[in-house]
Amino acid sequence: MELEPGIMHKAAVLIEALPYIQRFNRKIVVVKYGGSAMVDENLKKQVIQDVVLLKLVGFKPIIVHGGGKEISRWVGKVGMEPHFVGGLRVTDEPTMEIAEMVLNKVNKSLVQLVNELGVKAVGISGKDGMMLRCRKKYSGGEDIGYVGEVTEVDPQIIYDLLEKDFLPIICPTGFDEEFKTYNINADDAACAVATAMKAEKLAFLTDVEGVYRDFNDKESLLSEMTVDEAQAFVDSGTLGGGMLPKLQNCIDAIQSGVSRVHILDGRIPHCLLLEIFTDKGIGTAIFNSAEEERYYHG
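Quantities reported herein were computed from a predicted structural model and do not represent experimental measurements.

Enquirer: How should the UniProt feature "binding site: substrate" (unreviewed entry) in the chain be read in this particular structure?
Expert: When the UniProt feature table is mapped onto this chain, "binding site: substrate" (unreviewed entry) is found at Gly67, Gly68, Arg89 and Asn183. Taken along the chain, the residues just named run across 117 residues; in space they keep tight, none of their C-alpha pairs more than 11.9 Å apart. When you line up the elements, Gly67 lands in the loop between β2 (60-65) and α3 (68-77). In this structure, Gly68 sits in helix α3. Here Gly68 falls in the partly exposed class, since its relative accessible area comes to 35%.

Below, the structure is given as structure tokens:
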């Protein structure tokens, strides 16, 4: 019998994924969803397809999403000018009101996409179940309004949803001791949730390929780093832009019990599947020690 050309390659791809499916079956994977992958409709659908596939092959995925670009768009729509201090949005009371509305709108649109693929999702904020407690965050000593820093996570509502076979989708708002609402940086929220859930993996979808030894040299992409190497990078002062706080989040997560963290280019279609299920990987994986292996071969 003559087989269709390429069909054996499809079988090989599935076999390559087998040890990863075995290794992470019933394990919690937190996906921080943001950047261009939230703006481009095709990329958005592909990310949701990836997460749904993770769920259907036995993983326990949790999505924590941002919405910065969408918030900026709506702030502009109502004639307000966005202000940033040290890369953080200054969130006064009117901006916080818009941010919460936009984040909830984004949240329910992601729930809808997951539901359309036959998996039941539930969208919640950090306020639901008193999940994310926070305090006011300052930027270089400057007051930036209703921007929160997570102080405590009560993950009970997430455990309840996972137990009932729902896929939790979390938008990053929380409240302080006086129950005032705060906007929380989505990276910070994802790190806090992954730590509280003792997640096996935390994946950041970004607009960069990963961590570069030298950002100006595109051949210097690091496919893997230990947490000590990542800390040395942070301490060196050579990182710029948004990578510094992101890498610090990765370090904090691993030191707090998350097994490994991935920084992925969310502009690459199906980047989650390529990183999690193949022997090549496409981003930067960060894990606890040099003795650990990135790939699994049965």
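Enquirer: Looking at this model, I keep getting lost on the environment of Glu100. Mind explaining?
Expert: Checked against the element boundaries, Glu100 lands in helix α4 (residues 93-116). A relative accessible area of 21% means that Glu100 is categorised as partly exposed. Sequence separation between Glu100 and Leu43 is 57 residues, and the spatial gap between their C-alpha atoms is 24 Å. In this structure Glu100 touches Lys127 and Thr181, once residues within four positions along its chain are discounted.

Enquirer: Sorry, what's going on with the side chain of Asn249 here?
Expert: Mapped onto the elements of the fold, Asn249 is located in helix α8 (residues 243-255). In terms of polar contacts, Asn249 uses its side chain to reach the side chain of Asp188, at 3.2 Å. If near-sequence neighbours (up to four positions away) are discounted, Asn249 is found in contact with Asp187, Asp188, Cys191 and Phe204.

Enquirer: Would you mind showing me how to read the confidence of the model for the chain here?
Expert: For the chain, the average pLDDT comes to 87, and 93% of its residues sit at 70 or higher. At the low end of the mean pLDDT range in the chain sits strand β4 (residues 88-89), at 73; at the high end sits strand β8 (residues 167-171), at 98.

Reading guide: rules and limits
- Residues numbered from 1 in each chain as written.
- Predicted model: local features only at pLDDT ≥ 70, side-chain atom pairs only at ≥ 80, totals over all residues.
- Heavy atoms only, no water.
- UniProt positions renumbered as here; feature names shortened; annotations may be inferred.
- Helix = DSSP H or I, 4+ residues; strand = E, 2+ residues; numbered from the N terminus.
- Buried < 20%, exposed > 50% of the residue type's maximum accessible area, 1.4 Å probe, protein only.
- Contact = heavy atoms within 4.5 Å.
- Polar contact = N/O pair within 3.5 Å; in protein donor to acceptor, adjacent residues only side chain to side chain.
- pLDDT = per-residue confidence, 0-100.

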